[in-house]
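# Geometric and topological summary
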Amino acid sequence: MDTAMTDLDDAAALIGRMGEAARAAAIDLAQASAERKRAALIGAAEALRLRQAEILAANDKDMQFGREKGLADSMLDRLRLDPDRLRGIADGLRAVAEQRDPVGEVVAEWDRPNGLHIQRVRTPIGVIGVIYESRPNVTADAGALALKSGNAVILRGGSESLHSSQAIHACMVQGLRQANLPEAAIQLVPTRDRAAVTAMLQAQGLIDVIIPRGGKGLVGLVQQQARVPVFAHLEGICHIYVDRDADPDKARRVLLNAKTRRTGICGAAECLLIDRGYYAKHGSALVQALLDAGVEVRADGDLAAIPGTVAAQPDDFGREFLDMIMAATLVDGVDGAIAHIRRYGSQHTESILTENDATARRFFAGLDSAILMHNASTQFADGGEFGMGAEIGIATGKMHARGPVGAEQLTSFKYLVRGDGTVRA
């Protein structure tokens, strides 16, 4: 049910109640056994299987709402669920369930001359707030990773995915209940009202960290209004650089996958950089391959002379299209590519296509994006593909977590210090 908020005070009261319940649940979760957390996730995955028809019916309502709202096709693709995608969500829950439990893991330990034995161990952060757009699968992914890492979580999904998220959340709660874990461990904000977002961002003392997952508008709002610490998740302005020593067949295959496999995800490539040396040898084949695949190529400089392209505007570089649109330009070698990416990138994911390992190493050393790839599609920028089972998002900041955020990245650490009647001189 969509609970209407009349003003920020009402939203603050709602988030206050949810936050207090989450903090109480977090105390239990921090001490919960790995077996109980695993059981909750397996139970949730089974509930997803058994309640498939119910979830898909809820998703139909959201899809209709999205069409009436005028969502772009790429955003509707993010929103859409089908049996295969539901199976993928359930598989992700099972994968997280089977992972090593990070809580209590000894990261480092050492003995001191003063007689102390010191261990640094992983510990839950506490209460995590996740604010996301469109994708209902985040309800399961974020809930699972928070639970695995011993954290309680408050989820605020996009207004267009409310019914789908509620149906998936019900499965997560069923798993918690069956494992005898507190249902408040995974909560979903039951309203479309944006005042709830503001209330979460100001919930100091209740929420320990906010993770935004969405477009530039959402992330900007979070960064402007948050009084709670934030894991930065900026937009995915991902680049493909085709070096002069790239293999043409590999380059074509990787480029088309990076752009067209799914255009609405943050790992979709948005800008093609071609070394002038490669272009001199191989011509317009890569741009033509994009055009033939139905991509609108917004080309700059010499590339704009290729028939079928559209002249690029200055703001086409540094832009997340999330659509069958790609900016393209020529650069002077790997240093030119690095300079372009440093100017226009969002420090998300970049890929170099080359058979020259020295050039690839220079690309890796010269850039500071969260994920750098060599001869691989940017669409692999995904926690599941990294072996994390799922992800809450791709962190582009430099504090605490970078790249795919899985269960391990949702922990902090504490020191356990043991002595034997040890006193300081």
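Residues numbered from 1 in each chain as written. Predicted model: local features only at pLDDT ≥ 70, side-chain atom pairs only at ≥ 80, totals over all residues. Heavy atoms only, no water.

Read across the sheet, 7 strands follow the order β10-β9-β11-β8-β7-β12-β13 without closing on themselves; strand pairing throughout is parallel. With one partner strand each, in any of the chains shown, β10 (310-311) and β13 (371-374) form the two edges of the open sheet. As defined by bridge partners, strand β9 (residues 296-299) adjoins strand β11 (residues 325-331) across 4 bridges and the pair is classed as parallel. Counterpart to R298 in the pairing with β11 is A327. Relative to strand β7 (residues 238-242), helix α13 (residues 333-344) is tilted by about 170°, and along the sheet it contacts β7, β8 (269-275), β11 and β12 (349-353). On top of the sheet, helix α14 (residues 357-366) reaches β7, β12 and β13; it is set at about 170° to β13, its chief contact. (Pairing = 2+ DSSP bridges. Helix = DSSP H or I, 4+ residues; strand = E, 2+ residues; numbered from the N terminus. Contact = heavy atoms within 4.5 Å. Axes fitted to C-alpha atoms, helices over the stretch in contact; angles between N-to-C directions.)

Right, let's get into the state of the cysteines. What the rule picks out here adds up to 0 disulfides. Lacking any disulfide linkage, C266 is separated from the closest cysteine sulfur, that of C238, by 6.7 Å. On the basis of relative accessibility, which here comes to 18%, the residue C266 falls in the buried class. (Disulfide = S-S within 2.5 Å. Buried < 20%, exposed > 50% of the residue type's maximum accessible area, 1.4 Å probe, protein only.)

With that settled, consider the domain arrangement of the protein chain. Often the size quoted for an interface is simply the accessible area lost on bringing the parts together. The domains assigned to the protein chain are domain 1 (1-231 + 405-417) and domain 2 (238-386). The straight-line distance from the C-alpha centre of domain 1 to that of domain 2 is 33 Å. Counting the surface lost from both domain 1 and domain 2, the interface buries some 570 Å², and carbon and sulfur atoms represent 37% of this. Linking domain 1 with domain 2 are 1 salt bridge, by the criterion used here. Residue R262 is joined to D77 by a salt bridge in which the shortest nitrogen-to-oxygen separation is 3.2 Å. Where domain 1 packs against domain 2, one counts 2 residue pairs in polar contact (both at pLDDT 80 or more). A per-element tally of the side of domain 1 that touches domain 2 places helix α4 (residues 73-79) first, with 3 residues. Looking at the side of domain 1 that touches domain 2 residue by residue, the class counts come to no nonpolar, 1 polar and 4 charged. (Domains from an automatic or database assignment. Buried area = accessible area lost by both parts, 1.4 Å probe. Salt bridge = Lys/Arg side-chain N within 4 Å of Asp/Glu carboxyl O. Polar contact = N/O pair within 3.5 Å; in protein donor to acceptor, adjacent residues only side chain to side chain. Nonpolar A, V, L, I, M, F, W, Y, C, P; charged D, E, K, R; others polar.)

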